[in-house]
Amino acid sequence: MKTLLIGPIHEEAHQLLKQHTELTEVSVEDFPNNQFPEIEAVVLRTYTELKDLSNLPNLKYVVSCSVGVNNLDLDLLKQKNIELIHCPGTNSNSVAEHTLHLILSLLRRKIPFPELKGKTVGIVGFGHIGKIVAKKLKGFECNIIAFDVIEQDPEVLKELNTTIKSMEEVAKESDIITIHVPLNKYTHHLINEEFFGNMKPNSFFINTSREEIIDEDALIKHKDKFRDIGLDVFSENIKTNLPGALLTYHVAAQGEESFKRMCLEPVEKFLQLSKHT
């Protein structure tokens, strides 16, 4: 199958494509300025926006080597009967570990430092990543509460020692809040003025999901109520107005093993499916 790779992916996935497809490669910067009339499949990551398919008239597959799909026009793919192949959850452990890194780093920035034991940790978004965060927190003997729009399995909640609460309750009761929701039209600015207003004074706030989920103006407005803030995703506005925040630069999902899984699993799935077409 004639396949286009846009930008770099893990080398093992790259080699599989070279061995099993007619592979063309293009940089992220050059992709929009070229036509690819014979390409049947595109392999990309989230830093490539694919919302105009005019340069890919014969496209049949989109293979996303990332977890988020906000760089894609899903309605357009469906309209054109283009199959999307991606593997949610492949980066979950890396993001969860980075979340723990931020929590512990924030707690230990100023002496005497607060301990995690006995603290209430609120998890907004209890999907793949949220559940792994809860699992990792169990050993710290903290109280875990969570919010999600999807009904949760009671047995899983019992195993993870987690209580489901309303979003307002999570905001009001948590000493530490960490955000783990996907970006879509429903979650844009989900964490807003009202949410920050409900949070405890002297609490900690962490976001490793997407910057657009947070109303950054509201976060900046309420900055004095927080003991500390840790962000992996943010705009330039945050760097200017929250100089004391602990910032990492969209690296939460870049664990070595997770990056390999994010690329290999969808590529292997694509190669398997394309054998039968």
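Notes on the structure in this doc start here. No experiment lies behind these values; they were computed from the predicted model shown.

1. Observations regarding helix α4 (residues 128–137)
Here is step 1: The set of residues buried in α4 consists of Ile-129, Gly-130, Val-133, Ala-134 and Leu-137. Seen along its axis, α4 keeps its buried residues to an arc of 140°; they face one direction. The exposed set on the far side of α4, more than 90 degrees from its buried face, consists of His-128 and Lys-135.
Here is step 2: Buried-residue contacts for α4 involve α3 (92–107), β6 (120–124), β7 (143–147) and β8 (162–164).

2. Remarks on the sheet that holds β8
Here is step 1: A sheet is described by the order of its strands in space; here seven strands give the open sequence β8-β7-β6-β9-β10-β11-β12, paired in parallel fashion. Each edge of the open sheet carries a strand with a single partner, namely β8 and β12 (246–247).
Here is step 2: As judged from the four bridges shared by β6 and strand β9 (residues 176–179), these two strands associate in the parallel manner. The residue bridging Val-121 from the neighbouring strand is Ile-176, located in β9.
Here is step 3: Packing of α3 onto the sheet brings it into contact with β9, β10 (203–207), β11 (226–231) and β12, and relative to β10 it is tilted by some 150°.

3. Considerations on the side chain of Thr-21
Here is step 1: Looking at where Thr-21 falls in the secondary structure, it is placed in the loop between α1 (11–20) and β2 (22–26).
Here is step 2: Side-chain polar atoms of Thr-21 contact the backbone oxygen of Leu-17, separated by 2.6 Å.

4. Thoughts on the packing of α1 against helix α10 (residues 256–274)
Here is step 1: Two elements in contact, α1 and α10, have axes whose closest approach is 8 Å; the angle formed by their N-to-C orientations is 20°. One finds that α1 runs roughly parallel with respect to α10. Viewed along their axes, α1 and α10 form a crossing whose handedness is left-handed. For the pair α1 and α10, the contacting residues are Glu-12, Ala-13, Leu-16, Leu-17 and His-20 in the first and Lys-260, Cys-263, Leu-264, Val-267, Glu-268, Phe-270 and Leu-271 in the second.
Here is step 2: Taken together, the residues that form the contact of α1 with α10 break down as eight nonpolar, one polar and three charged.

5. Some remarks on the environment of Ile-176
Here is step 1: Tracing the backbone through its elements, the reader meets Ile-176 in strand β9.
Here is step 2: On the basis of relative accessible area, Ile-176 is assigned to the buried category, the value being 1%.
Here is step 3: A C-alpha to C-alpha distance of 17 Å links Ile-176 and Glu-193, two positions 17 residues apart in sequence.
Here is step 4: In this view, Ile-176 contacts Ile-103, Leu-107, Leu-116, Lys-119, Thr-120, Val-121, Gly-122, Phe-204 and Ile-206; residues no more than four positions away in its chain are not counted.

6. Describing the packing of aromatic side chains
Aromatic ring pairs: the centre-centre distance and the angle between the two ring planes describe each pair.
Here is step 1: Within the structure shown, the criterion is met by seven aromatic pairs.
Here is step 2: Here the aromatic rings of Phe-195 and Phe-196 are separated by 6.3 Å at their centres, their planes lie at 80°, and the arrangement is edge-to-face. Comparing Phe-195 with Phe-196 shows no difference in burial state: the two are buried.
Here is step 3: With 5.2 Å between their ring centres and 75° between their planes, Phe-234 and Tyr-249 make a pair best called edge-to-face. Of this pair, Phe-234 sits in the loop between β11 and α9 (236–241) while Tyr-249 is found in the loop between β12 and α10, placing the two residues 15 residues apart along the sequence.
Here is step 4: With relative accessibility at 12%, the residue Phe-234 sits in the buried group.
Here is step 5: Among the residues examined, Tyr-249 registers a relative accessible area of 52% and is labelled exposed.
Here is step 6: Feature note: the residues Phe-195, Phe-196, Phe-205 and Phe-226 constitute an aromatic cluster, connected by ring pairs.

7. Quick look at the pattern of salt bridges
Here is step 1: For the structure shown, the criterion picks out 10 salt bridges.
Here is step 2: We note a salt bridge from Lys-2 to Glu-38, for which the minimum N-O separation is 2.9 Å. With Lys-2 in strand β1 (residues 2–6) and Glu-38 in the loop between β2 and β3 (41–44), the pair connects residues that are 36 residues apart, well separated along the chain.
Here is step 3: For Glu-38, a relative accessible area of 51% translates into the label exposed.
Here is step 4: Close ionic contact of Glu-12 with Lys-260 constitutes a salt bridge, the shortest N to O distance being 3.2 Å. Separated by 248 residues along the polypeptide, Glu-12 in helix α1 and Lys-260 in helix α10 bring together distant segments of the chain.
Here is step 5: The class for Glu-12 is partly exposed, based on a relative accessible area of 41%.

8. Considerations on the sheet that holds β3
Here is step 1: An order of β2-β1-β3-β4-β5 is seen for the five strands of this open sheet, with the pairing classed as parallel. In the strand order of this sheet, the two ends are held by β2 and β5 (83–85), each with one partner. With strand direction ignored, the average angle separating the axes of adjacent strands in the sheet is 20°.
Here is step 2: The pairing of strand β4 (residues 61–64) with β5 spans three bridges and is classified as parallel. From the neighbouring strand, Tyr-61 faces β5, where its bridge partner is Glu-83.
Here is step 3: Against the sheet, α1 makes contact with β1, β2 and β3, and its axis sits at roughly 130° relative to β2, the strand it touches most.
Here is step 4: Helix-sheet contacts for α10 involve β1, β3, β4 and β5, and the interaxial angle to β4 is about 155°.

About the cut-offs
Residues numbered from 1 in each chain as written. Predicted model: local features only at pLDDT ≥ 70, side-chain atom pairs only at ≥ 80, totals over all residues. Heavy atoms only, no water. Buried < 20%, exposed > 50% of the residue type's maximum accessible area, 1.4 Å probe, protein only. Helix = DSSP H or I, 4+ residues; strand = E, 2+ residues; numbered from the N terminus. Arc of directions from axis to C-beta. Contact = heavy atoms within 4.5 Å. Pairing = 2+ DSSP bridges. Axes fitted to C-alpha atoms, helices over the stretch in contact; angles between N-to-C directions. Polar contact = N/O pair within 3.5 Å; in protein donor to acceptor, adjacent residues only side chain to side chain. Parallel < 35°, antiparallel > 145°, perpendicular 65-115°, else oblique. Left-handed = near helix turned anticlockwise from the far one by under 90°. Nonpolar A, V, L, I, M, F, W, Y, C, P; charged D, E, K, R; others polar. Phe/Tyr/Trp six-rings, centres within 6.5 Å; stacked < 30°, edge-to-face > 60°. Salt bridge = Lys/Arg side-chain N within 4 Å of Asp/Glu carboxyl O.

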